[in-house]
Protein chains: 2
Amino acid sequence: MQRLQELLAAIQAPDQSLAQAAQDHLDNLTKPRGALGRLEELARDLCVMRGSLDLTQPKAAVTVFAADHGVTSAGVSLYPREVTAQMVFNFLSGGAGINVLARQAGAAVPGTANMLEGPAMTREQALEALLAGAAVAQGLMDEGVDLLIPGDMGIGNTTASAALTAVFCGLAPALVTGRGTGLDDAGLAAKIQVLEKVLTRRHPDPADPLGVLAAVGGLEIAAICGYCLAAASRRVPVILDGFISTSGALVAARLAPTAAHYFIVGHSSQEQGHRAQCQALGKRPLLDLDLRLGEGTGAALALGLVRAAVAIYNEMATFASAGVTGEPEQR
Amino acid sequence: MQRLQELLAAIQAPDQSLAQAAQDHLDNLTKPRGALGRLEELARDLCVMRGSLDLTQPKAAVTVFAADHGVTSAGVSLYPREVTAQMVFNFLSGGAGINVLARQAGAAVPGTANMLEGPAMTREQALEALLAGAAVAQGLMDEGVDLLIPGDMGIGNTTASAALTAVFCGLAPALVTGRGTGLDDAGLAAKIQVLEKVLTRRHPDPADPLGVLAAVGGLEIAAICGYCLAAASRRVPVILDGFISTSGALVAARLAPTAAHYFIVGHSSQEQGHRAQCQALGKRPLLDLDLRLGEGTGAALALGLVRAAVAIYNEMATFASAGVTGEPEQR
């Protein structure tokens, strides 16, 4: 627990006063004020997160965390459990969706963290997985990576994510459970029933985030939680993209609310519980392209927008340098 | 008129039967069916537009069409008319938003087409501008460009676009007029009044698209219209991104309805009339990042998604090649 306490203590609130100075720079560029919308917001947020008015193109890495979920035996997914391990080989050989999109966006996909098999976790196992995720992030940051994307793979993990969301957002399972890889109506109803049973039996206490994670989470979600916490502790932005990675981030924000300052939600999930997660984190997703693959794919696409925001911030001419008449005072 | 008739006659409906074959390929990739959402839709649409199941990364070009609008003397914009010419120099020296975002997305920005000055056009002038835009596209396609992005710059051009939208969509000016570069409430009300006067005085006939373009359009909008028509005539996709470029595309689709098959709407405009335009074209924008700069910036960002869709289509492993268990039959 001491290592977790140290990690949490290292997470500082960013200096919000940089936002105005960053916006002043953006307002000097040759465009009407605010005309680049969320790209300007991104550039401003990156300045605040990084604690600097000098932005550089991030060195980005995607880490795909994979884990088995014992709950698959309750029939909550279309796919059998062994697909998780098969997909890990696919990630390692570079043929999965996230490999393609990370290459496209200029991000590395480091070795997949294939977590231990197990249907549920003890508190110690959850902590161990969390610290393992933090260690992966720390290793990457030690190598100069300054933007992190957690991806996920785990047949059954939308069930665990729905359970976490129900507990932390105080919502009934029916309001936060979705079709995962494509359940039909009967499958969705059965999944909700499984979740209702799980929550009734385990009765997790939202005031004890680590306990909730152990009771109804998953090993990869615990690792993503630690990965997000470690990033925040070094002011490194994290791009989240879906129901599973945002679940990990939600646990992180319950352990250290300040951590949420360093999170960007890159893509909106098709899973209905994602909306509640974003609301809880105070975030608005950048993209909504109907993706429901996970793996970090939506975040990899959003990385392109982050890169565009940094380029705009650094490369656009100012009104003065280009000799363009600036915005007049309004009546 | 003969050159226009030839251009329109060259626009053919694409072979929709390729959509199923493209989707069959996408369904074999290691992901649940449809899990890459709009990226899959994009890859499928590109196959249909290009008439081929072999997709290659497009060679993309952005053309920024600029023009003066006499209507600026009626006080419809925050910025004075001379900013149009000043910004043209900014485009040419590479410091404008579109230069930065086009570089980022791997697209060239060819020489800006700085159109003639003039408050309104004769039918002949509109035709000449349309054919000039078509010639620019033809020149680029002759050089191997196979994806075109029309950008726009013209103080006053949201007024012209609102007029075109009101006429072609049969809507009152108040329903299709927005704040442009940032008008306040009084400015917006005055702009709507100007538009109401324009439409009452000119009374354009929606059944005569070229006549409408001449009466209430703009030279850069006419050029964008021709640029879109020329692209469609050679099955080259066009990414549109906002109120002005979509106005040009709307005129194109009124001249040749089949042309709309080749249009992708990359970004949703903040101008309220854009929704009516998209509906008229049967399109759903890919991005909504609160951009209101024009210049093709939203389309340049969407080009990143087109590139991602092509990469997914070409580079992802199949279930068979990766040895991953495919989707089971549902109950």
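So, here's what we can say about the structure. (Residues numbered from 1 in each chain as written. Chains lettered and ligands numbered in written order. Predicted model: local features only at pLDDT ≥ 70, side-chain atom pairs only at ≥ 80, totals over all residues. Heavy atoms only, no water.)

### A short note on the relation of the copies chain B and chain A
Of the transformation placing chain B onto chain A, the axial shift is 0.0 Å and the rotation is 180°, giving an RMSD of 0.0 Å. What we have between these two chains is a two-fold relation. Looking at chain B, 100% of its interface residues are interface residues in chain A too, so the copies touch through the same face. (Least-squares fit on C-alpha atoms with pLDDT ≥ 70 in both. Contact = heavy atoms within 4.5 Å.)

### A look at the pattern of salt bridges
By the definition in use, this model includes 16 salt bridges over all chains. Put simply, arginine 38 of chain A and glutamate 41 of chain A hold a salt bridge, and the shortest N to O gap is 3.6 Å. Linking arginine 38 of chain A with glutamate 41 of chain A, this pair stays in helix 3 (residues 37–50), spanning three residues, or about one helical turn. Judged by relative accessible area, glutamate 41 of chain A falls into the partly exposed class, the value being 25%. For arginine 123 of chain B, the salt bridge goes to aspartate 208 of chain B, with nearest N and O atoms at 2.9 Å. Here the residue arginine 123 of chain B occupies a position in helix 6 (residues 123–142), and aspartate 208 of chain B occupies one in the loop between helix 9 (185–202) and helix 10 (209–216), the gap between them amounting to 85 residues. Classification of arginine 123 of chain B by relative accessible area gives partly exposed; the value is 35%. (Salt bridge = Lys/Arg side-chain N within 4 Å of Asp/Glu carboxyl O. Helix = DSSP H or I, 4+ residues; strand = E, 2+ residues; numbered from the N terminus. Buried < 20%, exposed > 50% of the residue type's maximum accessible area, 1.4 Å probe, protein only.)

### Concerning the interface of chain B and chain A
The interface of chain B with chain A comprises 60 residues on the first partner and 60 residues on the second. Taking both partners together, chain B and chain A bury about 4,800 Å²; carbon and sulfur atoms supply 59% of that area. Counting every contact that joins chain B to chain A gives four salt bridges. Put simply, arginine 284 of chain B and aspartate 290 of chain A hold a salt bridge, and the shortest N to O gap is 3.0 Å. Of all the elements in the fold, those that place two or more residues in the side of chain B that touches chain A are helix 3 (37–50), helix 4 (82–92), helix 5 (97–105), helix 9, helix 14 (297–315) and helix 15 (319–322) of chain B. The residue inventory of the side of chain B that touches chain A, partitioned by class, reads 30 nonpolar, 17 polar and 13 charged. (Buried area = accessible area lost by both parts, 1.4 Å probe. Nonpolar A, V, L, I, M, F, W, Y, C, P; charged D, E, K, R; others polar.)

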